[in-house]
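An overview of the molecular structure
Here is what each chain is made of, one letter per residue.
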Amino acid sequence: TGLGAPYWDMYSRGTIVGMTRGTGRAHIVRAALEAICYQSCDLFRAMVADRGHHAPKHMNVDGGASANGFMMQFQADLLRIPVDRPAMVETTAFGAASLAGLAAGVWKDLDELSTLRCSERVFTPERAQYECEELYRGWKRAVGCAQGWVEKK
């Protein structure tokens, strides 16, 4: 289906680049996890550029993928900001239940609901910035390989 935001290239296709004879299953799995983080980084940078202000000082995450500690650490390293994972990562179901509780009078307002979120772990950047920048340049090269893969008719 191509690449979505921030590339918007319907002619892109999925690729795996940089493999050697030593590449195994674990490398491909790690690459897939890293790709999610790189794509999130691309979107984060695009939003910061569109906003025209300084980047946020931290990022709150949720959802099933946020349960993966490797991914959250890699995301913090790439973004150079703390990544805050809540104790309740499945926030869609929690949000629906919370809104139902709000309607039923269990909580008085959204401010009271907001106090229910508690951090399970905050990941802070650990990897050297120059190393992250080098890895990100490799990601951009890989994206360049995928872009325009299908020839326009």
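Side note on the packing of aromatic side chains
Tallied over the full model, the rule gives 4 aromatic pairs. Ring centres 5.3 Å apart and planes at 85° place the aromatic pair Tyr 38 and Phe 74 in the edge-to-face group. Highlighted residues: Tyr 38 in helix α1 (residues 25-51) and Phe 74 in helix α2 (residues 69-79), separated in sequence by 36 residues. Ring geometry for Tyr 38 and Tyr 136: centres 6.4 Å apart, planes at 45°, overall tilted. Of this pair, Tyr 38 sits in helix α1 while Tyr 136 sits in helix α5 (residues 129-146), and the two are 98 residues apart along the sequence. Tyr 136 shares its class with Tyr 38; the two are buried. The lysine or arginine in question, Arg 45, covers the ring of Tyr 136, its NZ or CZ lying 4.0 Å from the ring centre.

A word on the pattern of salt bridges
The final tally for this structure, using the stated rule, is 4 salt bridges. With a closest N to O distance of 2.8 Å, Glu 34 and Arg 30 form a salt bridge. Linking Glu 34 with Arg 30, this pair stays in helix α1, spanning 4 residues, or about one helical turn. The class of Glu 34 is buried, set by a relative accessible area of 16%. Classification of Arg 30 by relative accessible area gives partly exposed; the value is 38%. Between Arg 117 and Asp 84 there is a salt bridge, with its nearest N and O atoms 3.4 Å apart.

A few points about the side chain of Ser 12
The residue Ser 12 is located in the segment before α1 in this model. Engagement of the side chain of Ser 12 in a polar contact is seen with the side chain of Asp 9, the distance being 2.8 Å. For Ser 12, the residues in contact, after removing those within four places along its chain, are Gly 2, Leu 3, Ala 146, Gln 147, Gly 148 and Trp 149.

Concerning the side chain of Asp 9
Here Asp 9 shows up in the segment before α1. With relative accessibility at 13%, the residue Asp 9 sits in the buried group. A polar contact is formed between the side chain of Asp 9 and the backbone nitrogen of Tyr 11, at a distance of 2.9 Å. Apart from the residues lying within four places of it in its own chain, the contact partners of Asp 9 are Gly 2, Leu 3, Gln 147 and Gly 148.

What counts and how
Residues numbered from 1 in each chain as written. Predicted model: local features only at pLDDT ≥ 70, side-chain atom pairs only at ≥ 80, totals over all residues. Heavy atoms only, no water. Phe/Tyr/Trp six-rings, centres within 6.5 Å; stacked < 30°, edge-to-face > 60°. Helix = DSSP H or I, 4+ residues; strand = E, 2+ residues; numbered from the N terminus. Buried < 20%, exposed > 50% of the residue type's maximum accessible area, 1.4 Å probe, protein only. Lys NZ or Arg CZ within 6 Å of the ring centre and 35° of its normal. Salt bridge = Lys/Arg side-chain N within 4 Å of Asp/Glu carboxyl O. Polar contact = N/O pair within 3.5 Å; in protein donor to acceptor, adjacent residues only side chain to side chain. Contact = heavy atoms within 4.5 Å.

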